[in-house]
Amino acid sequence: MCGIAGILQIDDRPVNRERLGQMIGAIRYRGPDDAGIYSHGPVGLAHARLSIIDLIGGHQPMSIAQDALAITFNGEIFNYIELRNELIAKGHRFTSSSDTEVLLHLYQEEGERCVERLNGQWAFAIWDAARQRLFLSRDRFGVRPLYYTRLDGEFLFASEIKALLTCPQVPCAIDLIGLDQLFTFWATIPPRTVFRGINQLPPGCSMVVHDEQITITPYWTLDLAGQIEHGSATDSQLAEELFELLQDATRIRLRADVPVGAYLSGGIDSTVVAALARKSAGHRIKTFSITFEASDIDESRFQHEASAFLGTSHSSIRCRHEDIVGVFSDVIWHTEQPILRTAPAPLYLLSRLAHDSGFKVVLSGEGADELFGGYDIFKETKIRQFWGRRPASRWRPLLLKRLYPYLPNIQRQSLEYLKHFFHVTPQALSGPFFSHLPRWELTARTKQFFSVSTQAELAEADAVSSLLRDLPSSYATWPLFAKAEFLESRYLLPGYILSSQGDRVAMAHAVEGRYPFLDHRVATFAARLPASLKMKVLDQKYLLKQAVKGLIPDSIRTRTKQPYRAPDGISFFRGHDEFVGDLLSSQRIKQDGVFDPRATDALVRKFRSGRETSVKDNMALTGILSTTVLLDRFMHRRGTDSRITRVQLNH
Amino acid sequence: MLQTIRRFVIDNYLFGEEGQLGDEDSFMETGIIDSTGILELVRFLETTYGIKVTDEELIPDNLDSVSKIVSFILAKQSDSQQTPHDCSSRLPEETRP
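Rules of the game
- Residues numbered from 1 in each chain as written.
- Chains lettered and ligands numbered in written order.
- Predicted model: local features only at pLDDT ≥ 70, side-chain atom pairs only at ≥ 80, totals over all residues.
- Pairing = 2+ DSSP bridges.
- Helix = DSSP H or I, 4+ residues; strand = E, 2+ residues; numbered from the N terminus.
- Axes fitted to C-alpha atoms, helices over the stretch in contact; angles between N-to-C directions.
- Contact = placed C-beta atoms within 7 Å.
- Domains from an automatic or database assignment.
- Nonpolar A, V, L, I, M, F, W, Y, C, P; charged D, E, K, R; others polar.
- Buried ≥ 20, exposed ≤ 12 C-beta atoms within 10 Å, placed from the backbone.
- Arc of directions from axis to C-beta.

K.L.:
I keep staring at the sheet that holds strand β6 (residues 120-128) of chain A and nothing clicks. Help me out?
P.N.:
Whenever strands of a sheet pair, they do so through backbone hydrogen bonds, lying parallel or antiparallel. All names here are of chain A. Ordered by their spatial adjacency, six strands build an open sheet running β4-β5-β6-β7-β11-β12, and the pairing between neighbours is antiparallel. Looking at strand neighbours, the two that pair on one side only are β4 (62-64) and β12 (213-218), the edges of this open sheet. For this sheet the average axis-to-axis angle between neighbouring strands, irrespective of direction, equals 20°. In terms of strand pairing, strand β5 (residues 69-77) meets β6 through nine bridges, oriented antiparallel. Bridge pairing links G75 to W122 in β6. Relative to β5, helix α3 (residues 99-110) is tilted by about 125°, and along the sheet it contacts β4, β5 and β6.

This is how it looks when you write it as structure tokens:
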């Protein structure tokens, strides 16, 4: 895993290597083992390497065929061994045993469609000197980040926004439309980011930059249209097939020349991954967990149970309220976008634990909830759909009481209030966003803290409607369950789960996450399953649970879904609260202009009073705090961050 | 009472935006209080007015506007004033002060 950056001069100026060095220096923590810069004609590529495969021969940027093709690559191609053998049979010659070189030869052999052959997680740029074009690509689910911007006469790209911002010509300002989206969906809609003029390549897309033209082409999308394509296979046959796929997905994700560990949350998904890794590796593996002081969110009992069952060597880190406050600013430096929950902060601490334990690679269970019906939003959708077919029923809405058993604010609600919150009408059932509207409406209420000027600038903005343009053409015909799965896996997964809670906080400590559930073979299999096999009545992840019988403890396999949560607003008001006092002072909020100082002050007073706070209050507080940190670290203190180092290499 | 409740709603849900709140405005329809916020209101009413809001009373008819809350509190207070009187009248003769 690594950091990449590059410049393509569209005018005739030579590439400025010094600037390339500054760009990659800004994200050196992603790849502390090695670094390199390559320039040739109008292109400059830079690389910071975290050495995982072919520790000696995998230096980057790499070129072949007398510099006809050069690459800077962040990620892993897990099927590189099979591809390499295939390419050797076709006459390709390799000088290293790295997956990077395989990627170059595969591009040489198959051109831009080579990405369809890849099983992995990647963001890369290949300079094709003969065709004078830069080819960039990002993996199917957006595990690895890739940002770009255009200046007058040049195109810049990098793994992280801060690398682009080392160029003084790149403007640094909040994109209010992006902010509006984030305060609705918890993520921006690609290619938009919260930085004006800086875009991200959407997951599952490739991009060609040639002359003045930028062309983005999707090469893969999660097709949920069918959900019936398993013919006459029985449940047990499908469970068996799923097990085999997961086993293989995990096996190839153990390919590394360094030890591979695993995160263990205490839930089904990470336990399954750790169990499969243990099985494939054939030896004891190392696992890592987070624990919390609050018993309602702490899962240490299940973590210990899983670790004992699997015989792993286990380490955990206790995340206290003050730990969240202590790392919060650095976490935002890495997420490069506001967050509405503090959940990335404990994961930042967890990757530090993995790093300090000598691990560069960890497996984890991300993707299982999105693909196999694990999230409560799917249960919510099913209940609301059932109720919506007979809205006058007295009994159907009683099922709403079965939702979110771990949220006391929901559990203590009367049915009348639950019915209002989870509102349904027969007309709404046919709407494109039926599943997510209650959630988005709740999140969007945080925008009441936007300043008058922010609200005025956003008067024409409509985050939800803007999604309509991004939906697949057949989306309207999909079952509601499939629509909900699409919205989760297309937006929240790459935009928040895999970035703010994934790549960004892991790579802050040079740790690479690998996700067997996001192997595209597993995902494609899941996408074709009928919803009834993902959630049987209201039993979440039904088929997955069948598939892993005996692999993990039954107490974990059959436990009620406990989503990963961290203490939110309260963390900032335990003991001394100078952090909030300083960041959310009326003077600073007024100066920044994004939020309303009076409303923000009232929110802070509410938290300080110790009174009960709502879900919205917690999202608003974390959102305002993180936005203010973002403004402070990226805009007010631009160019002063001590972690930015300069890389000057003659490669 | 009306002013106290208004103040609470303005401080805790509108975060100071007084102009937005009419006494008859439905909290749910206007989005002033979301469903996860209603328990804050209940806790406030219980501690401020010494009442106990039962699960059955947790309905919009009682709590969905400033006016409805005032009516609800007054009715509860009136009930609680009557209840001890009724109870005491049923106590045996010798237990009365």
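K.L.:
It is not clear to me how the domain arrangement of chain A should be interpreted in this structure. Could you clarify?
P.N.:
Often, the extent of an interface is quoted as the loss of accessible area upon association of its parts. Residue and element names in this part refer to chain A. Parsing chain A into structural domains produces domain 1 (2-218), domain 2 (235-371 + 490-557) and domain 3 (569-636). The straight-line distance from the C-alpha centre of domain 1 to that of domain 3 is 36 Å. Facing four residues of domain 1, the contacting portion of domain 3 comprises five residues. Tallied by class, the residues present in the side of domain 1 that touches domain 3 amount to four nonpolar, no polar and no charged.

K.L.:
I keep staring at helix α2 (residues 80-89) of chain A and nothing clicks. Help me out?
P.N.:
Residues separated by three or four positions in an α-helix point in the same direction, a consequence of the helix having 3.6 residues per turn. Residue and element names in this part refer to chain A. Residues of α2 that are buried include every one of Y80, L83, R84 and L87, and no others. Down the axis of α2, the buried side of the element spans an arc of 100°, and every buried residue falls inside it. Turned more than 90 degrees off the buried face of α2, the exposed positions are N85 and A89. For α2, the elements touching its buried residues are β5 and α3. Of the residues flanking the end of α2, it is G91, one or two places downstream, whose phi is positive at about 105°.

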